[in-house]
Amino acid sequence: MDILNWSSLDTVARTATLQRPALSNDSEKAATVAAIVAKVREAGDAAVREFTAEFDGASCSEFQVSPEEANAAVTQLSPDAIAAIDLAIRNVSTFHTAQLPTALTVQTMPGVQCERISHAIDAVGLYVPAGTAPLPSAAIMLAVPARIAGCETRILCTPPRPDGTADPAVIVAANRAGVKEIYKIGGAQAIAAMAYGTATVPKVNKIFGPGNSWVTMAKSIVAADAAGAAIDMPAGPSEVLVIADAHASAEFIAADLLSQAEHGADSQVLLLTTSQKIASRVSAAVTAQLKTLSRAAIARKALAHSRLIVVEDLECAVQISNAYAPEHLILQVEDGRSWLPSIRNAGSVFIGPWAPESVGDYCSGTNHVLPTNGFARAYSGLGVDQFLRHMTVQELTVDGFVGIADAVMELADLEGLDAHAAAVKIRLESLQ
């Protein structure tokens, strides 16, 4: 990996250095996805079956995972694998249960009471991809907060394998996390099926979960349609940024960079360090560790647009990180917690040498569904709140109404909305 010195770069070069890999904006692909969504909306299960055969090479007589398949999935996992799934569910449940909001009641002035109450979204759809690797961890991250929020209808779609079955680890993780309706449908057709409903797949109000560019495009299409479904957040390729000082372990940093690079060829990993020596050691460690990885070819492609950057000091590193707004931020510096108040834009932060990004991906308890591509400047990672909708309530006594009436009529007059003022005036007159 090339090592760059931040202070020697001009503004144009700095911008280019932090440029993320170009996201696919293929107009032909966009048209294809739109056609898939439209056909599923019109033809339902028949269209889903057609696209499943075309894109997944699978023939599914029944889309829903049967009780027999679910039971068989458990037997295909080792006791250690099931124990790991249970540990992840337990930790994610503990952290997310603490996020449940409490009802809010405030008297804004005498006789005027305002409230905020929360309800679970009635029906949610969870999407778990299975491209180059199945992701049972994604099933956990989506299913647990949906269950804790109390969403009554929780369905999950995941692509079938060529033999028409779903990945057993995904089935087990989803079932144990509280999802019983699992459908063997992938890609844009899965998003459309959940957004509009079919004879088999229930229509949902909101869709959650990561996916490739086809899935991302489909989510954007259904979210823009009033008859479709809302979505969780904008998504893009995975990314990590590491800030390190001279005391950091080059081997740890290299391992963290590679753990993210192996996600996909369009992933991006960055190191900002105050030490030229650490940068050189990380470069050598990446080369050495890369040789041991089963997904080395994928990681190598990601490394082609990744960077090792030497900065003047940690203040500069934090400033760059806040501008980049990484999905994952690792602080490999002495007294890393002291820098936390300065971190403004990041999906999830990992402090110190013993908090690799991997723990957040799997079972520390935080959620790994996070904003990417700089959206951490404005979006938060997935949590229980996104499975809830909040509703406000106001109730006024007669005295409270009288006390606020003049202000309401005055503001309505400023806006030229006579009927607003009249709705107050008619009540005042009824009191006289």
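Everything quoted here is computed from the prediction, not taken from an experiment. (Residues numbered from 1 in each chain as written. Predicted model: local features only at pLDDT ≥ 70, side-chain atom pairs only at ≥ 80, totals over all residues. Heavy atoms only, no water.)

S.K.: An account of the overall build of the protein chain is requested, with residue identities and associated values reported.
M.R.: Along the backbone of the protein chain there are 16 helices and 14 strands. Within the protein chain, the proportion of its 432 residues that are buried is 47%. Considering only contacts in the protein chain between residues 6 or more positions apart, those separated by 24 or more positions represent 76%. Here the protein chain has roughly 20,300 Å² of accessible surface; of this, 54% comes from carbon and sulfur atoms. Across the protein chain, the 30 positively charged side chains and the 45 negatively charged ones have centroids separated by 5 Å. (Helix = DSSP H or I, 4+ residues; strand = E, 2+ residues; numbered from the N terminus. Buried < 20%, exposed > 50% of the residue type's maximum accessible area, 1.4 Å probe, protein only. Contact = heavy atoms within 4.5 Å. Areas by Shrake-Rupley, 256 points an atom, 1.4 Å probe, with all protein chains shown as cover. Lys, Arg positive; Asp, Glu negative; His and termini not counted. Charge placed at Lys NZ, Arg CZ, Asp CG, Glu CD.)

S.K.: Could you give me a rundown of the packing of helix 2 (residues 27–43) against helix 8 (residues 187–196), with the residues and numbers involved?
M.R.: Viewed as axis vectors pointing N to C, helix 2 and helix 8 meet at an angle of 40 degrees, and their least axial separation amounts to 9 Å. On the basis of the axis angle, helix 2 is oblique to helix 8. Where helix 2 crosses over helix 8, the handedness of that crossing is right-handed. On helix 8, the residues that touch Val33, Ile36, Val37, Val40 and Arg41 of helix 2 are Ala188, Gln189, Ala192, Ala193 and Tyr196. (Axes fitted to C-alpha atoms, helices over the stretch in contact; angles between N-to-C directions. Parallel < 35°, antiparallel > 145°, perpendicular 65-115°, else oblique. Left-handed = near helix turned anticlockwise from the far one by under 90°.)

S.K.: An account of a nonpolar patch on the surface is requested, with residue identities and associated values reported.
M.R.: A surface patch of nonpolar side chains, amounting to about 250 Å² of accessible area, comprises Val398, Val402 and Leu431. With respect to the element layout, Val398 can be found in helix 15 (residues 398–414). (Patch = residues over 30% accessible without salt bridge, like charges linked within 9 Å, V, L, I, M, F, W, Y side chains within 5 Å. Salt bridge = Lys/Arg side-chain N within 4 Å of Asp/Glu carboxyl O.)

S.K.: Tell me about the sheet that holds strand 3 (residues 112–120), and name the residues and values.
M.R.: Taken together, the 3 strands give an open sheet; going across it, the order is 2-3-14, and neighbouring strands pair in antiparallel fashion. Of all strands in the sheet, those bounded by a partner on one side alone are strand 2 (104–109) and strand 14 (388–396). Direction aside, the axes of adjacent strands within the sheet are offset by 20 degrees on average. Most of the contacts of helix 15 go to strand 14, to which it runs at about 95 degrees, and overall it touches strand 2, strand 3 and strand 14. (Pairing = 2+ DSSP bridges.)

S.K.: Could you give an account of the pattern of salt bridges, with specific residues and numbers?
M.R.: Should their charged atoms come close, side chains of opposite charge can pair. Tallied over the full model, the rule gives 6 salt bridges. Between Asp86 and Arg176 there is a salt bridge, with its nearest N and O atoms 2.7 Å apart. One end of the pair, Asp86, is in helix 5 (residues 79–97); the other, Arg176, is in helix 7 (residues 168–176), and 90 residues separate them in sequence.

S.K.: Give a description of unusual backbone geometry that names residues and reports values.
M.R.: A positive phi angle, near 55 degrees, is found at Ala325, a position not held by glycine. Within the secondary structure, Ala325 sits in the loop between helix 13 (314–324) and strand 12 (328–332). We classify Ala325 as buried; its relative accessible area is 0%. Positive phi values are uncommon outside glycine, yet Asp335 reaches one of about 55 degrees. Residue placement: Asp335 occurs in the loop between strand 12 and strand 13 (348–351).

S.K.: Break down the nonpolar core for me, with residues and values.
M.R.: The biggest cluster of nonpolar side chains holds 43 residues, and the ones touching the most others in it are Val124, Leu126, Ile140, Leu156 and Phe387. When residues of this core are traced back to their parent elements, those giving at least two are helix 4 (67–75), helix 5, strand 4 (123–127), helix 6 (136–149) and helix 7. What Val124 contacts, discounting residues up to four positions off in sequence, is Ala146, Cys151, Thr153, Arg154, Ile155, Val204, Lys206, Phe208 and Phe387. Core analysis: the next-biggest nonpolar cluster, separate from the first, contains 31 residues, Ala47, Ala188, Val215 and Met217 among them. (Core = buried A, V, L, I, M, F, W, Y, C linked by side-chain atoms within 4.5 Å.)

S.K.: Quick rundown of the packing of aromatic side chains? Include the residues and the values.
M.R.: Applying the stated criterion across every chain yields a total of 5 aromatic pairs. Both rings, one in Phe208 and one in Phe387, keep their centres 3.9 Å apart while their planes meet at 15 degrees; by these two values the pair is stacked. Of the two residues, Phe208 sits in strand 7 (residues 206–208) while Phe387 sits in the loop between helix 14 (357–362) and strand 14, which places them 179 residues apart along the sequence. Ring geometry for Phe375 against Tyr379: centres 5.8 Å apart, planes inclined by 85 degrees, an arrangement best described as edge-to-face. Residue classification places Tyr379 among the partly exposed positions, given a relative accessible area of 39%. Aromatic rings pair up to connect Phe51, Phe55 and Trp214 into one cluster. (Phe/Tyr/Trp six-rings, centres within 6.5 Å; stacked < 30°, edge-to-face > 60°.)

S.K.: Talk me through the layout of surface pockets; I want residue IDs and the actual numbers.
M.R.: Rolled over the atoms, a probe sized like a water molecule indicates the empty space that remains. In this structure, the second largest pocket spans a volume of roughly 250 Å³. Classifying every residue of the lining of the second largest pocket gives 8 nonpolar, 6 polar and 1 charged. (1 Å grid on protein atoms, 1.4 Å probe; cavity = no way out; pocket = protein on both sides within 12 Å on 5 of 7 lines; lining within 4 Å. Points joined across faces, edges and corners; volume = space filled by probe spheres on them. Nonpolar A, V, L, I, M, F, W, Y, C, P; charged D, E, K, R; others polar.)

S.K.: Can you explain the environment of Ala72? Please cite residues and give values.
M.R.: You can see Ala72 is positioned in helix 4. With 121 residues separating them along the chain, Ala72 and Ala193 place their C-alpha atoms 26 Å apart.

S.K.: If you had to explain the state of the cysteines to someone new, which residues and values would you point to?
M.R.: One pass over the full model with this rule turns up 0 disulfides. Here Cys60 stays free of any disulfide, with the sulfur of Cys157 as its closest cysteine sulfur at 11 Å. For the unlinked cysteine Cys151, the closest cysteine sulfur is that of Cys157, found at 16 Å. (Disulfide = S-S within 2.5 Å.)

S.K.: Please provide a residue-by-residue account of the environment of Val402, values included.
M.R.: Note on placement: Val402 falls in helix 15. Through-space distance from the C-alpha of Val402 to that of Leu428 is 7.2 Å; in sequence the pair is 26 residues apart. Ignoring anything within four residues of it in the chain, the contact list for Val402 reads Leu428 and Leu431.

S.K.: Explain helix 4 to me, using residue names and the numbers behind them.
M.R.: Those residues of helix 4 not exposed but buried are Glu69, Ala70 and Ala73. Across the axial projection of helix 4, the buried residues extend over an arc of 100 degrees, all falling on one side. Turned more than 90 degrees from where helix 4 packs its buried face, Pro67, Glu68, Asn71 and Thr75 sit exposed. For helix 4, the secondary structure elements touched by its buried residues are helix 7. (Arc of directions from axis to C-beta.)

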